[in-house]
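Given next are the chains, with one letter for each unit.
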Amino acid sequence: MTILVTGGAGYIGSHTVLELLSANQEVVVIDNLSNSNEESLKRVSSITGKKIHFYRGDLLDKGLVDNIFVKHDIDSVIHFAGLKAVGESNEIPLTYYRNNIAATISVLEIMATHNVKSFVFSSSATVYGDPASVPINESFPTSATNPYGRSKLMIEEVLADLYESDNSWNIACLRYFNPVGAHKSGLIGEDPNGIPNNLMPFISQVAVGKRELLSVYGNDYNTHDGTGVRDYIHVVDLALGHLKALDKLKSNPGRVTYNLGTGCGYSVLEMIKAFEKAANKTIPYRIVERRMGDIAECYAATDLAEEELGWKANLSISDMTNDTWRWQTMNPNGYE
């Protein structure tokens, strides 16, 4: 099979490309490199010894995307490309809606033109909004507390309407919880531009001396230690979930939705302690005000993915922190 991976030079994308190549799939990547680095793909090629067809460009460039489908016999698309920072989305919502929603529609239109109707969508647990209870299963009501989450939810609704209009599509919406960790080689990992928006890269940059201290956003949530609780999943487990989703789509299931998480929740303070153990050093932090759009607690029920995909997260919190620390120490300035 030949898989088009949009946003394939990014954090989750590059790890998924590596697993696809390891499973002997042909991979084509398109990425505008706005929050990623082509070096990640070069390292994936060096790890696997396999070639990646890479196109630098934007999904809204219909001519470029159409040309990819003309040149390559694409069987399926895994769609990662999009902006993903909750806080930033509150500041520039129109940019998020254009980049995330309009670009997805553009890709789907080109896929339809070429009769390629197998699509794996990188969704998010943010589509559950502030859940009434945890763990969260796929039947929970959806809502969103920020433009990033709303963009993911709107795309899910677009995909539902598309499938209703044409049942020949096979679509998997994968609702991620909180991806962390890095490949065990230490050669690829999370390399955010500027100040990290996510907890783990910020902790690791503090640990390596790149940043002075960590800001913990709120300690007055209704959780066991007052800090936010999330379901952290190792990025390699997450990548393997995409391969299982592709396998599922071969059976013509129509439109399916799965949570990809571990089913366990860890607080911010617990993650700090786990990272301190991995790095063998103290992580300085301060408590600051909550961020707009953040919720108290969010972790997955993963039974459906286990039953229907035969997928389960296997890597532990110590794997997540040790692999992150290995990546950070080997690459203190990321891919630069």
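Note: the structure precedes this text.
All figures in this text were calculated on a predicted structure; none of them were measured in a lab. (Residues numbered from 1 in each chain as written. Predicted model: local features only at pLDDT ≥ 70, side-chain atom pairs only at ≥ 80, totals over all residues. Heavy atoms only, no water.)

Peer 1: Explain the overall build of the protein chain residue by residue, including any values.
Peer 2: Per the secondary structure count, the protein chain includes 11 helices and 14 strands. The C-alpha atoms of the protein chain give a radius of gyration of 19 Å, which matches the 20 Å a tight globule of 336 residues would have. Seen along its three principal axes, the alpha-carbon backbone of the protein chain occupies a region of about 55 × 45 × 40 Å. Out of the 336 residues in the protein chain, the part that is buried amounts to 55%. When the accessible surface of the protein chain is summed, it comes to about 14100 Å², and 46% of that surface belongs to carbon and sulfur atoms. Between the centroid of the 29 positive side chains of the protein chain and the centroid of its 40 negative side chains there is a distance of 5 Å. (Helix = DSSP H or I, 4+ residues; strand = E, 2+ residues; numbered from the N terminus. Rg over C-alpha atoms; globule rule 2.2 N^0.38 Å. Buried < 20%, exposed > 50% of the residue type's maximum accessible area, 1.4 Å probe, protein only. Areas by Shrake-Rupley, 256 points an atom, 1.4 Å probe, with all protein chains shown as cover. Lys, Arg positive; Asp, Glu negative; His and termini not counted. Charge placed at Lys NZ, Arg CZ, Asp CG, Glu CD.)

Peer 1: Could you give an account of the packing of aromatic side chains, with specific residues and numbers?
Peer 2: Summed over the entire model, instances satisfying the criterion amount to 2 aromatic pairs. Ring plane angle 85° and centroid distance 5.8 Å describe the contact between Phe275 and Trp325, whose orientation is recorded as edge-to-face. Of this pair, Phe275 sits in helix 9 (residues 268–279) while Trp325 sits in helix 11 (residues 317–330), placing them 50 residues apart in sequence. Taken individually, Phe275 and Trp325 each receive the classification buried, so the pair is uniform in this respect. Between Arg211 and the ring centre of Phe202, over which it is positioned, the NZ or CZ distance is 5.8 Å. In this structure, Arg290 packs its charged tip against the face of Tyr221, placed 4.0 Å from the ring centre. (Phe/Tyr/Trp six-rings, centres within 6.5 Å; stacked < 30°, edge-to-face > 60°. Lys NZ or Arg CZ within 6 Å of the ring centre and 35° of its normal.)

Peer 1: Describe the sheet that holds strand 11 (residues 255–260), with residues and values.
Peer 2: Within the open sheet, the 7 strands sit side by side as 3-2-1-4-5-6-11. Their pairing is parallel. Two strands bound the open sheet, and with one partner strand each, they are strand 3 (53–56) and strand 11. Along the sheet, successive strands turn relative to each other by an average axial angle of 15°, direction set aside. Of the strand pairs in this sheet, strand 6 (residues 170–176) and strand 11 are connected by 6 bridges, and their pairing is parallel. Opposite Tyr176, over in strand 11, you have Leu260 as the bridge partner. In the packing of helix 5 (residues 93–113) onto the sheet, contacts are made with strand 4 (76–79) and strand 5 (118–124), and the angle to strand 5 comes to roughly 170°. (Pairing = 2+ DSSP bridges. Axes fitted to C-alpha atoms, helices over the stretch in contact; angles between N-to-C directions. Contact = heavy atoms within 4.5 Å.)

Peer 1: Provide a residue-level description of the environment of Leu187, including the pertinent values.
Peer 2: Mapped onto the fold, Leu187 is located in the loop between strand 7 (178–180) and helix 7 (199–207). Taking C-alpha positions, Leu187 is 34 Å from Glu138, a pair spaced 49 residues apart along the chain. Beyond its immediate stretch of four places on either side in the chain, Leu187 contacts Arg43, Ile47, Trp327, Met330 and Tyr335.

Peer 1: Tell me about unusual backbone geometry, residues and numbers included.
Peer 2: A cis amide bond, omega 0°, links Val134 with the succeeding residue Pro135. Note that Pro135 resides in the loop between strand 5 and helix 6 (147–165). The backbone phi angle of Asn24 is positive, close to 65°, even though this residue is not glycine. Considering the arrangement of structural elements, one finds Asn24 in the loop between helix 1 (11–22) and strand 2 (26–31).

Peer 1: For the side chain of Thr227, give the residues involved together with the corresponding values.
Peer 2: Looking at the secondary structure, you find Thr227 in the loop between strand 8 (214–217) and strand 9 (229–230). A polar contact of 2.7 Å, which involves the side chain of Thr227, links it to the side chain of Asp225. Once residues lying within four places of it in the same chain are set aside, the contact partners of Thr227 are Val216, Gly218, Asn219, Tyr221, Ser267, Val268 and Leu269. (Polar contact = N/O pair within 3.5 Å; in protein donor to acceptor, adjacent residues only side chain to side chain.)

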